[in-house]
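So the chains spell out like this:
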Amino acid sequence: MTKKIVVLICMVTLSFVLTGCDGTVTREIRHAGFTLSSDEFACSTFMPEEKEQEPSDRIIYSDGSYAITEKGRLYELSLSQPYSNNENCKEIEFSIDIIAYMDGTVLKGNDNKLYYAPGTTNATPLTEITANDSNYQLYNLLLSNEKVVKVITVDSNKGIYYVLENDGTVYQYTLTRKDYNSNYTITAKTPVYDEEDYGEIIDFNYAGDSTATYLKTTSKIYRMQVTNEDKCSKYADVECKYKLKEDETLTKYYQDKILYYGPSILITTYGKEFTLSQ
């Protein structure tokens, strides 16, 4: 009987310690500028039951409604109610692996064809994008290079796009054309966020001077942050100044506690969901 009591006490204590650790992570993420959701996230593909097991796949992009994984597979996501499988994810039956994407709305498959992403408006998801689409030439030009991983539109009127290539650097592509009926050409390519300055970049988002702008490297997370918050939040005539800086809190939990970090959502490995506070 005594042994059973000791074992029970140890189990309760361990459970309390683990819960306490996760509680600390949650609290620090909230202090980093995120709002905790009341919903929980569960997905055995990305969150194996045994903690020592590696997940069978990992999320590299999500807008909250669908996800692209490292293996190029697509998943539906429900961040509130679970699906009938009692999980918040469900694989999308699509035979093509995704190898690059643009603005979360255009996907490039390993067959070198372009497809409309899930959730795309005014188009049937996962149907091939053809020359009948008025933007086909633009999409094809930006995604045709096998080095391209991700494209973000910065200013379409000025032909400015930020492009992550597989060398770990984000470049600015500048596109021009003679007139509306002419094809685009890439007239300039310059580094914006360099591997030498930040490390090997594996994901990014650009939303100007906003906390939604970030870089993820193999070991760190950088976010656009206000450098003079005390003054610009207090005085009407003081403009807020921004700088891309390492977020020490997110970097601290990047490898073992953050399941996915994206433009507007953060999901932990223990099932908590957060949204980016504005």
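Residues numbered from 1 in each chain as written. Predicted model: local features only at pLDDT ≥ 70, side-chain atom pairs only at ≥ 80, totals over all residues. Heavy atoms only, no water.

K.L.:
Pulling in residues and values, what's your account of the pairing of strand β13 (residues 201–205)?
P.N.:
With 4 of its 5 residues buried, β13 lies for the most part within the structure. By the bridge criterion, 4 bridges tie β13 to strand β14 (residues 214–217) in an arrangement that is antiparallel. Residue pairing for β14: Ile 201 is matched across the bridge by Thr 217. (Buried < 20%, exposed > 50% of the residue type's maximum accessible area, 1.4 Å probe, protein only. Helix = DSSP H or I, 4+ residues; strand = E, 2+ residues; numbered from the N terminus. Pairing = 2+ DSSP bridges.)

K.L.:
Let's hear about the sheet that holds strand β17 (residues 258–261): which residues, and what values?
P.N.:
On the basis of which strands lie adjacent, the open sheet formed by 4 strands has the order β1-β19-β18-β17 and antiparallel pairing. Looking at which strands have only one partner, the edges of the open sheet turn out to be β1 (34–40) and β17. On average, each strand axis in the sheet is inclined to that of its neighbour by 25°, with strand direction left out of account. Here 3 bridges tie β17 to strand β18 (residues 265–268), and the two strands are oriented antiparallel to one another. Paired with Ile 258 across the bridge in β18 is Thr 268. (Axes fitted to C-alpha atoms, helices over the stretch in contact; angles between N-to-C directions.)

K.L.:
Would you mind going over the sheet that holds strand β16 (residues 242–246) in detail, with residue names and values included?
P.N.:
The 4 strands are arranged β13-β14-β15-β16 in an open sheet whose pairing can be described as antiparallel. With partners counted over all chains shown, the strands left at the sheet margins are β13 and β16, one partner each. Each strand axis lies, on average, 20° off the axis of its neighbour in the sheet, ignoring direction.

K.L.:
Now, about the side chain of Arg 73: what can you tell me, with residues and values included?
P.N.:
Its location among the elements puts Arg 73 in the loop between β3 (66–69) and β4 (74–77). The class of Arg 73 is buried, set by a relative accessible area of 17%. Within the structure, the side chain of Arg 73 is placed 2.6 Å from the side chain of Asp 97, a separation counted as a polar contact. Not counting residues up to four positions away in its chain, the partners in contact with Arg 73 are Asp 57, Ala 67, Ile 68, Glu 91, Ile 92, Phe 94, Ser 95, Ile 96 and Asp 97. (Polar contact = N/O pair within 3.5 Å; in protein donor to acceptor, adjacent residues only side chain to side chain. Contact = heavy atoms within 4.5 Å.)

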